[in-house]
Amino acid sequence: MIIMRKLIFLLLLIPIFALAQNVGFVRNNIWLSKPEFFAGEKIRIYTAIFNGTGDDIVGRVGFYNNSQLIDEVSFTATSGGRLQEVWADWTAVKGNQSLSAKILYLERVPINGISEVLKISDADSEVIVKYVDSDTDKDGIGDLEDEVDDFKQVEKDNGLVESSVNTTKKVVKGVDTSVTGFLETANPLLREKKIEIDEEIAQLRQESLEKKNGDIPVDPTSAVKRILKQIYSFILGLAIYVTGNRVLFYLVILTLMAIIFRKLYRRLSNHG
Ligand SMILES: [Ca+2]
């Protein structure tokens, strides 16, 4: 990146300096070690001096932030159209910053001859104007952008939580409504069935009593039938009791689910 920029400077500037001045900043003459950074980060500010004279040069460059001197750096630039980079380190601070450099001193130093202080016609570099943000949570996104995002995220999260709570509520309510509906339908049907079965049991009992009194042999299957019906009636009685109480119904369902789950789990872990 920096090499590319250097090449661009050279291409752009050599002709300009050949026309204007033999020593000075190159054009696009100030840049930073990285384009994006946050407050507290150490940044290097670079500039480059072009020496188009036939002699070596010594000089000094000042680096500034908002007109405050950051550092003053001495340099040498060898003769013959060379480019000399000069740099200073700066710890970025939050807020609007304007970074610049200034040639403070130039002196031509011939190998054979007397040194000569040069008049500087164009001392100031360009200015980098930049807003430096901080990044409190160190996620690589500046606070300014992050606050907006965090706010959006919070809104989004709240929305999600709210909607999932609403969905859960709706599902629970839906289940509850259908369970209540089911129980309201099932309970009277079970009651009707139980009455029917109980009547049948009573009838069977009556028949067997009549047969006993009339000395007619009792059909053994009718006794078995009666016992089965009594068991059925008992189960129906339980079902009526359970379906008559919603909470009890849930408890029974949950217990059944737990039993089934445990059986499945045992079977799976045995196979595993
Ligand atoms: Ca951040």
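All figures in this text were calculated on a predicted structure; none of them were measured in a lab.

Chemist: Tell me about the overall build of the protein chain, and please be specific about residues and values.
Modeler: In terms of regular secondary structure, the protein chain is built from four helices and eight strands. Tracing the protein chain from N to C terminus, the helices and strands come up as α-β-β-β-β-β-β-β-β-α-α-α. By residue count, 14% of the 272 residues in the protein chain fall in the buried class. Expressed as a percentage of contacts within the protein chain between residues at least 6 apart in sequence, the contacts between residues at least 24 apart total 65%.

Chemist: Outline the sheet that holds strand S1 (residues 23-32), listing residues and values.
Modeler: Pairing is antiparallel across the open sheet formed by three strands, whose spatial order is S1-S2-S5. Of all the strands in the sheet, the pair left with one neighbour each is S1 and strand S5 (82-91). Going from strand to strand, the sheet's axes swing by 20 degrees on average, the running direction of each strand aside. With ten bridges joining them, strand S2 (residues 42-51) and S5 adopt antiparallel strand pairing. By the bridge assignment, Arg 44 is partnered in S5 with Asp 89.

Chemist: An account of the nonpolar core is needed here, citing residue identities and associated values.
Modeler: With 21 residues, the main nonpolar core has Ile 45, Ile 49, Phe 50, Val 61, Phe 63 and Phe 75 as its most contacted residues. Those elements that place two or more of their residues in this core are S1, S2, strand S3 (56-65), strand S4 (68-77), S5 and strand S6 (95-109). Apart from residues lying up to four places away in sequence, Phe 75 is in contact with Ile 49, Gly 59, Val 61, Gln 84 and Val 86.

Chemist: Describe in detail unusual backbone geometry, supporting the description with residues and values.
Modeler: Its identity as a non-glycine residue notwithstanding, Asn 66 has a phi of 50 degrees, on the positive side. Of the residues examined, Asn 66 has 12 C-beta atoms within 10 Å and is grouped as exposed. Positive phi values are uncommon outside glycine, yet Ser 67 reaches one of about 70 degrees. Within the element layout of this structure, Ser 67 appears in the loop between S3 and S4. Given 7 C-beta atoms within a 10 Å radius, Ser 67 is considered exposed.

Chemist: Would you mind going over the environment of Ala 223 in detail, with residue names and values included?
Modeler: Note on placement: Ala 223 falls in helix H3 (residues 220-243). Sequence-wise, Ala 223 and Leu 204 are 19 residues apart; in three dimensions their C-alpha atoms are separated by 8.1 Å.

Chemist: Let's hear about the pairing of S3: which residues, and what values?
Modeler: In regular strands, side chains alternate between the two faces of the sheet. As paired strands, S3 and S6 are joined by ten bridges and run antiparallel to one another. Paired with Arg 60 across the bridge in S6 is Tyr 105. Here S3 runs beside S4; their pairing, made up of nine bridges, is antiparallel. By the bridge assignment for S4, Ile 57 is matched with Ala 77. As consecutive antiparallel partners, S3 and S4 are separated by two residues, and within that stretch Asn 66 has a phi angle of approximately 50 degrees, a positive value.

Chemist: Report on the environment of Arg 44, specifying residues and quantitative values.
Modeler: One can find Arg 44 in strand S2. By C-beta crowding, Arg 44 is classed as exposed, having 12 other C-beta atoms within 10 Å. Sequence separation of Arg 44 and Asp 89 is 45 residues, and the distance between their C-alpha atoms is 4.4 Å. Sequence-distant contacts of Arg 44, defined by excluding residues within four places in its chain, comprise Ser 33, Trp 87 and Asp 89.

Chemist: Talk me through the confidence of the model for the protein chain; I want residue IDs and the actual numbers.
Modeler: Interpreting fine coordinate detail is not advised for predicted regions of low pLDDT. Overall, the prediction assigns the protein chain a mean pLDDT of 84, with 89% of residues at 70 or greater. Predicted confidence for residues 7-20 stays below pLDDT 50, and this span has 17 contacts to residues more than four positions away or in other chains.

Scoring rules and cut-offs
- Residues numbered from 1 in each chain as written.
- Predicted model: local features only at pLDDT ≥ 70, side-chain atom pairs only at ≥ 80, totals over all residues.
- Helix = DSSP H or I, 4+ residues; strand = E, 2+ residues; numbered from the N terminus.
- Buried ≥ 20, exposed ≤ 12 C-beta atoms within 10 Å, placed from the backbone.
- Contact = placed C-beta atoms within 7 Å.
- Pairing = 2+ DSSP bridges.
- Axes fitted to C-alpha atoms, helices over the stretch in contact; angles between N-to-C directions.
- Core = buried A, V, L, I, M, F, W, Y, C linked by C-beta atoms within 7 Å.
- pLDDT = per-residue confidence, 0-100.

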